[in-house]
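Analysis of the macromolecular model
Here is how the chains run, residue by residue.
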Amino acid sequence: MPAHAESLPAAATTPAAAPKFTVDAPNVSYTAGVIEADYSYSSTKVHKLPSGGYRAEPVSVNYKFSTDCHVPRLGVMLVGWGGNNGSTLTASILANRAKMSWETREGTQEANYYGSLVMASTVKLGVDAEDSNQEVYVPLHDMLPMVHPNDFVIGGWDISSANLAEAMDRAKVLEPDLRRQVRDAMRELKPLPSVYYPDFIASNQEERADHVLPGTDKRAHLEQLRRDMRDFKAAHGLDKIVVLWTANTERFADLVDGVNDTADNLLAAIDRSEDEVSPSTVFAVASILEGNTFINGSPQNTFVPGVLELAERHRVQIAGDDFKSGQTKVKSVLVDFLVNAGIKPLSIASYNHLGNNDGRNLSEQKQFRSKEISKSSVVDDMVAANPLLYKKGEHPDHIVVIKYVPAVGDSKRALDEYVSEIFMGGRNTLSLFNTCEDSLLASPLIIDLVVLGELFTRVKYQTVEMAEPDSIHSVLSPLSYMLKAPLVPAGTPIINSLPRQRAGLEAFLRALVGLPVNNEANLEWKCFH
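About the criteria used
- Residues numbered from 1 in each chain as written.
- Predicted model: local features only at pLDDT ≥ 70, side-chain atom pairs only at ≥ 80, totals over all residues.
- Heavy atoms only, no water.
- 1 Å grid on protein atoms, 1.4 Å probe; cavity = no way out; pocket = protein on both sides within 12 Å on 5 of 7 lines; lining within 4 Å.
- Points joined across faces, edges and corners; volume = space filled by probe spheres on them.
- Helix = DSSP H or I, 4+ residues; strand = E, 2+ residues; numbered from the N terminus.
- Phe/Tyr/Trp six-rings, centres within 6.5 Å; stacked < 30°, edge-to-face > 60°.
- Buried < 20%, exposed > 50% of the residue type's maximum accessible area, 1.4 Å probe, protein only.
- Lys NZ or Arg CZ within 6 Å of the ring centre and 35° of its normal.
- Pairing = 2+ DSSP bridges.
- Nonpolar A, V, L, I, M, F, W, Y, C, P; charged D, E, K, R; others polar.

Turning to empty space enclosed by the protein, a few remarks are in order. Under the counting rule described, the total for this entry stands at two cavities of 30 Å³ or more. Counted as a void, the largest cavity has a volume near 650 Å³. If you trace the largest cavity, you find 43 residues lining it, with T246, A247, N248, T249 and D358 closest to the centre. Within the residue set of the lining of the largest cavity, elements represented by two or more residues are α1 (84–97), α7 (279–289), β14 (344–354), α10 (357–361), α11 (365–376) and α13 (438–456).

In structure tokens:
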């Protein structure tokens, strides 16, 4: 059986999917499986005056968006396929395809996609034409034609030779009765050998590394990965592939002039097998050269400047960094609430302990430092947005601690204490205890990143200054909602506030179908009519 055996039959062709709703407006058209939307993007420029005041100037720019409605036959190649996330995701998709149910201590459980923004959340489309007091909501996945996760063709690489059934049992994430039902299918799935440079991950991972590409020639490794991608695509009759890193956290790579500072220097550094070229960077370069979207679900600096330049040169989409699943997601909501309520967080102390292999890898300092960086920057933009609370250069004390406790397995414990200054010098303390089923929270994020990442490869835009349409920016900042340390185009602000990230993603999807941003002024409910 092939290394990437899977249960879906090959599709000869993929017809254009019909939109689940249409927009009745002169700026929107539907032709030949494409949605064309002329969109006026409104914003406000603010001019600082010598007096210290401001002058606000409303401005608008016209965009023409074209979205291809042909939903492709999509391959998803996971780096670290045999890890907790990869095995959990694969088993869960098998369960959803077969509409499985299984017994738990609480009773019978049915397969679902809870925790996925795409598959289990709704967006406000508008108000009912017959009753303006009733709002109309639609599933987010109905905003535009999107790939369904049941149709993913999954494969990938791992440094461990375990098949997916062995990996699933080793992870101990899913209920025993569910594992029993999918075990035969999972046993047929075996990862390809992966790239292993011991200096980049914890030394305690060496015992798992029995399934690696031979030698130390990084150019040879790059070419093998490219062959793997091409072979996988051909073997399964795929239209596209998304490659996603869900493997171990690496240490940060040093940024070295002449090595990883430009695209050309990086390619030459791979030829020389330079020490500071990480495995994740080799995977990213291979994906970009093959034209495949690459998403980094771990906190290391995979996207060194040379990778960013290479992605932009080839107009290939990338996204990262680090799945935002539990403690950090709560933090990006809570700090946004406090600061916007005029309450001043003074200190944020975050403690985690977990017992899965991610925790084991993070028990070494270099790998923990990568995670610490991604988790610590999450409040920066919210603090900077309120100079009434924070003077220039002022910032809450913010510490992050992660400990490895094998006994708790994949059930991560997150403890947070927020100490804030309130009215007249008072103090308010919020303490949270959050039990995070790590892989069951992260796996739906993989679905969201893959589905939306693929969708955005089908989008073109054009402004009046452009001679011809172009793809949207290679750096997929609309995916920030799912990521702890969101990658954004150079020179643009990083937004960590979860409500703003959600609103931004929804606004972008509405723009693609020619709808204005939802107006929460709700004047129809506030004025006499």
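And the narrative resumes.
Within this structure, the stated rule accounts for nine aromatic pairs. Seen from their ring centres, F294 and F303 are 6.0 Å apart, and the 80° between their planes marks the pair as edge-to-face. Taking relative accessible area as the criterion, F303 reaches 8% and is therefore assigned buried. An aromatic cluster of three or more residues is present, and its members are Y39, Y41, Y63, F65, F456, Y461 and F508. The ring of Y197 carries K218 above its face, with NZ or CZ at 4.4 Å from the centroid. A cation over a ring is seen here: R251 above F200, with NZ or CZ 4.1 Å from the ring centre.

With that settled, consider α7. A large share of α7 lies buried, amounting to 10 of its 11 residues. Within α7 the residues assigned to the buried category are P279, S280, T281, V282, F283, A284, V285, A286, S287 and I288.

Moving on: the pairing of strand β6 (residues 107–110). Remember that side chains alternate between the two faces of the sheet whenever the strand is regular. As paired elements, strand β5 (residues 101–104) and β6 share four bridges and run antiparallel to each other. Bridge pairing in β6 links S101 to E110. Hairpin geometry of β5 and β6 is characterised by an intervening segment of two residues between the two adjacent antiparallel strands.

Turning our eyes to something else, we now look at the layout of surface pockets. If you add up the space inside the largest pocket, you get close to 1,500 Å³. Together, 34 residues line the largest pocket, and Y41, S477, P478, G504 and F508 are the ones closest to its centre. Secondary-structure elements contributing two or more residues to the lining of the largest pocket are β2 (34–48), β3 (54–68), β19 (470–471) and α14 (498–512). A per-element tally of the lining of the largest pocket places α14 first, with eight residues. Of the residues that constitute the lining of the largest pocket, the class distribution is 21 nonpolar, eight polar and five charged. There is about 720 Å³ of room inside the second largest pocket. If you trace the second largest pocket, you find 27 residues lining it, with W102, Q109, V173, L174 and L440 closest to the centre. Contributing elements (two or more residues each) for the lining of the second largest pocket: α1, β5, β6, α4 (176–187) and α13.

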